[in-house]
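# Analysis of the macromolecular model
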Amino acid sequence: MGRPAVLSRMAAALAAMLLVTACEMPLSPDTAPRAVPRGDPAPQVEVSEESRELAARYARIEEDLVTRGLLRTDGGGLDTPFDADLLARNFMQIALFDEYAPLSGRLVARETESPLRRWQDPVRVGLVYGASVSAAQRAVDDDTVKALTGRLRAASGHDIRTTSGPGNLTVYVVNEDERRALEPMLRENMPGISDGVMRAITQMPTSTFCLIIAFSADNAPNIYRRAIGIVRAEHPPLLRQSCLHEEITQGLGLANDSPDVRPSIFNDDEEFALLTTQDALMLTILYDPRLRPGMTAPEAASIVRTIAAELLPEPPPDAEAEDIPTLATAPEADAEIPPLQGET
C-alpha cells in the first residue's frame, strides 16, 4: 500500500470550545459501527453523554459561524472575484501540496510539496453509517452525496458515482463512540492499513470536523485506488453537508487547504460550506488529460495556466458588462454510461 494522503477539516480557532473528557467506559457491541443497508430503519442505540455533548457544541459552532456570515452556500460572488491567473495559482497550491506528512510513524500537520495525484479507475462513493444514524438522516446524506457526485462527475469528466455500501471511496458517518470502535471493520476492509493511519481515525481530536485518507499502490504511488472518509454523526445539518462536500472532493486529488484560496471549501476559515465555482474548475483542471499523475509543480505549471485560460478567457477590452462570458463549466460526463448494479 502506498503512502496515504491525509486531509482533514479543522477548526483550530474553535478548538477551545470543543474540549471534552475522554470516555473510558468500554463500548458495548450495540455501539460498534456497521454497514446499514440503505432504506433500513436505524436500530435504537444508546448514545453516550460525550456524544450528546459534542452534538450540542457543534450545533453552537454552526450557529456562530452562520451568524458571522460564514458557511456560505452561494458558491462565491462579486466579493470573491478570480480570473484565469488566480485560478491557476490556486490550483497549484491545492493540488500540488499536501496538508499532512508522515513523521515517526504518525501523521502530522505540515504542508509539503507533492506530485499531482488523482484517480484512474472509476470512483464509487459509498456511505457506511453507524447504528446511531437515523433512517431519515441517512436519506438526507444519501441525497447530498448523490447530488454532489453528479457535480463532481460533470466537472472532472471522470466516472464518479454513488454505490450501495462500501465503495472504493468510503465515507463512514459515525458518532464519537462508533468512530473509536472502527478499527476491526477498517482492518477487515483495508488489509495492510498502517497503525499511523488507524490512529489518525480512531484518535481524531474533536477539533477535527472530518477527514479523508486516500491510498495508492506502491507500484503507482500517484494514482489513488482507495479512500476512507470520516464524518461526525454529531454534526448539525450544514456542517455535516459541508464535510461531505469537502472530504469527498479532496479525496479526488485536491489535497491541500490554504487560507489564501477563495472562494473555496479548501480553506479552513469555514467561509464556504459547499463546493464553489472555483472548486469545480480546479477539479476540471486536475482531470484534464494534458496533466499526468506524478507531474511536479514545475512540470505542470505552464499546462495549468493554459487550461485555466481556456476555462476563463479574458473578455475583449471593449466588451460591455453584459457581454462578458460567465464562468465555464464542464459538460455532464459519461451521461450515456448506465450505472452498475447498486450504483446511481
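Turning next to the overall build of the chain. When helices and strands are counted, the chain shows nine helices and nine strands. Accessible surface computed for the chain: about 15,200 Å², of which carbon and sulfur atoms make up 55%.

What follows covers the nonpolar core. Within the largest apolar cluster, 70 residues are counted, with the highest numbers of intra-cluster contacts made by Leu87, Phe91, Leu169, Leu252, Leu254, Ile285 and Leu291. The residues contacting phenylalanine 91, other than those within four sequence positions of it, are Leu96, Leu116, Leu254, Met282, Ile285, Leu286, Leu291 and Val304. Of all hydrophobic cores here, the second largest spans 18 residues; its members include Leu182, Val197, Ala200 and Ile201.

Tallied over the entire structure, the rule returns 17 salt bridges. Residue glutamate 176 is joined to arginine 179 by a salt bridge in which the shortest nitrogen-to-oxygen separation is 2.8 Å. With a gap of three residues between them, glutamate 176 and arginine 179 both fall in helix α4 (residues 176-180), about one helical turn apart. Here glutamate 176 matches arginine 179 in class, with each residue buried. Glutamate 310 is the salt-bridge partner of arginine 290, the closest N and O atoms lying 2.8 Å from each other.

Once that is clear, we can look at the pairing of strand β5 (residues 123-129). Taking burial as the measure, the seven residues of β5 include seven buried ones, the bulk of the element. Here β5 shows a buried face lined by Val123, Val125, Leu127 and Tyr129 and a second buried face lined by Arg124, Gly126 and Val128. Relative to strand β6 (residues 160-163), β5 runs parallel, the two sharing four bridges. What sits directly across from valine 123, in β6, is isoleucine 160. Each parallel crossover has a hand, and for β5 linked through helix α3 (residues 135-156) to β6 it is right-handed. Sheet topology places β5 next to strand β7 (residues 169-174); five bridges connect them, and they run parallel. Pairing of tyrosine 129 across the sheet is with valine 173, part of β7.

This model, assessed by the stated rule, comprises one disulfide. Covalently, cysteine 210 is tied to cysteine 243 through a disulfide, its sulfur atoms 2.1 Å apart. Here the disulfide of cysteine 210 and cysteine 243 is left-handed, its torsion about the S-S bond being about -85°. Residue cysteine 210 is found in strand β8 (residues 208-217), and its partner cysteine 243 is found in helix α7 (residues 237-250); the two are separated by 33 residues along the sequence. This pair shows no difference in class: cysteine 210 is buried, exactly as cysteine 243 is.

To continue, consider empty space enclosed by the protein. All told, the structure shown has two cavities of 30 Å³ or more when counted by the stated rule. Quantified by volume, the largest cavity comes out at close to 40 Å³. Around the largest cavity, the lining residues are Pro166, Gly167, Thr170, Tyr172, Asn189, Met190, Arg226, Ala227 and Ile228. At the level of secondary structure, the elements contributing two or more residues to the lining of the largest cavity comprise β7 and β9 (220-232). With three residues, β9 is the largest single contributor of residues to the lining of the largest cavity. Along the lines of polarity and charge, the residues of the lining of the largest cavity split into five nonpolar, three polar and one charged.

Below, the discussion takes up the side chain of serine 258. Here serine 258 lies in the loop between α7 and α8 (277-286). Judged by relative accessible area, serine 258 falls into the buried class, the value being 4%. Apart from the residues within four sequence positions on either side, serine 258 is in contact with Gln93, Ile94, Phe266 and Asn267.

With that settled, consider α3. In an α-helix there are 3.6 residues to a turn, and that puts residues three or four apart on one side. Compared with the 32 Å implied by 1.5 Å per residue over 22 residues, the 31 Å span of α3 between its first and last C-alpha is a close match. Within two residues after α3, glycine 157 carries a phi angle of roughly 75°, on the positive side.

On to the packing of helix α1 (residues 49-67) against α7. Packing of α1 against α7 brings their axes to within 8 Å, and their N-to-C directions diverge by 85°. With respect to their mutual orientation, α1 and α7 come out roughly perpendicular. Each of Tyr58, Ile61, Glu62, Leu65 and Val66 in α1 lies in contact with α7, whose residues at this interface are Pro237, Leu238 and Leu239. Each residue belonging to the contact of α1 with α7 can be placed in one class, and the counts come to seven nonpolar, no polar and one charged.

What follows is about the environment of tyrosine 287. Along the chain, tyrosine 287 falls in the loop between α8 and α9 (297-311). Linking tyrosine 287 and glycine 157, residues 130 residues apart in sequence, is a C-alpha distance of 7.1 Å. What tyrosine 287 contacts, discounting residues up to four positions off in sequence, is Arg118, Trp119, Ser156, His158 and Leu252.

Turning our attention to the packing of aromatic side chains. Across all of its chains, the model carries two aromatic pairs by this definition. For the ring pair tyrosine 58 and phenylalanine 209, a centre distance of 5.8 Å and an interplane angle of 80° mean the geometry is edge-to-face. Taken together, the positions of tyrosine 58 in helix α1 and phenylalanine 209 in strand β8 put the pair 151 residues apart, joining distant regions of the chain. For phenylalanine 209, a relative accessible area of 0% puts it in the buried group. Each ring, one from tryptophan 119 and one from tyrosine 224, has its centre 6.4 Å from the other, and the planes form 70°; the classification is edge-to-face.

Scoring rules and cut-offs
- Residues numbered from 1 in each chain as written.
- Predicted model: local features only at pLDDT ≥ 70, side-chain atom pairs only at ≥ 80, totals over all residues.
- Heavy atoms only, no water.
- Helix = DSSP H or I, 4+ residues; strand = E, 2+ residues; numbered from the N terminus.
- Areas by Shrake-Rupley, 256 points an atom, 1.4 Å probe, with all protein chains shown as cover.
- Core = buried A, V, L, I, M, F, W, Y, C linked by side-chain atoms within 4.5 Å.
- Buried < 20%, exposed > 50% of the residue type's maximum accessible area, 1.4 Å probe, protein only.
- Contact = heavy atoms within 4.5 Å.
- Salt bridge = Lys/Arg side-chain N within 4 Å of Asp/Glu carboxyl O.
- Pairing = 2+ DSSP bridges.
- Right-handed = clockwise from strand over helix to strand, strands pointing away.
- Disulfide = S-S within 2.5 Å.
- 1 Å grid on protein atoms, 1.4 Å probe; cavity = no way out; pocket = protein on both sides within 12 Å on 5 of 7 lines; lining within 4 Å.
- Points joined across faces, edges and corners; volume = space filled by probe spheres on them.
- Nonpolar A, V, L, I, M, F, W, Y, C, P; charged D, E, K, R; others polar.
- Expected span 1.5 Å × (residues − 1).
- Axes fitted to C-alpha atoms, helices over the stretch in contact; angles between N-to-C directions.
- Parallel < 35°, antiparallel > 145°, perpendicular 65-115°, else oblique.
- Phe/Tyr/Trp six-rings, centres within 6.5 Å; stacked < 30°, edge-to-face > 60°.

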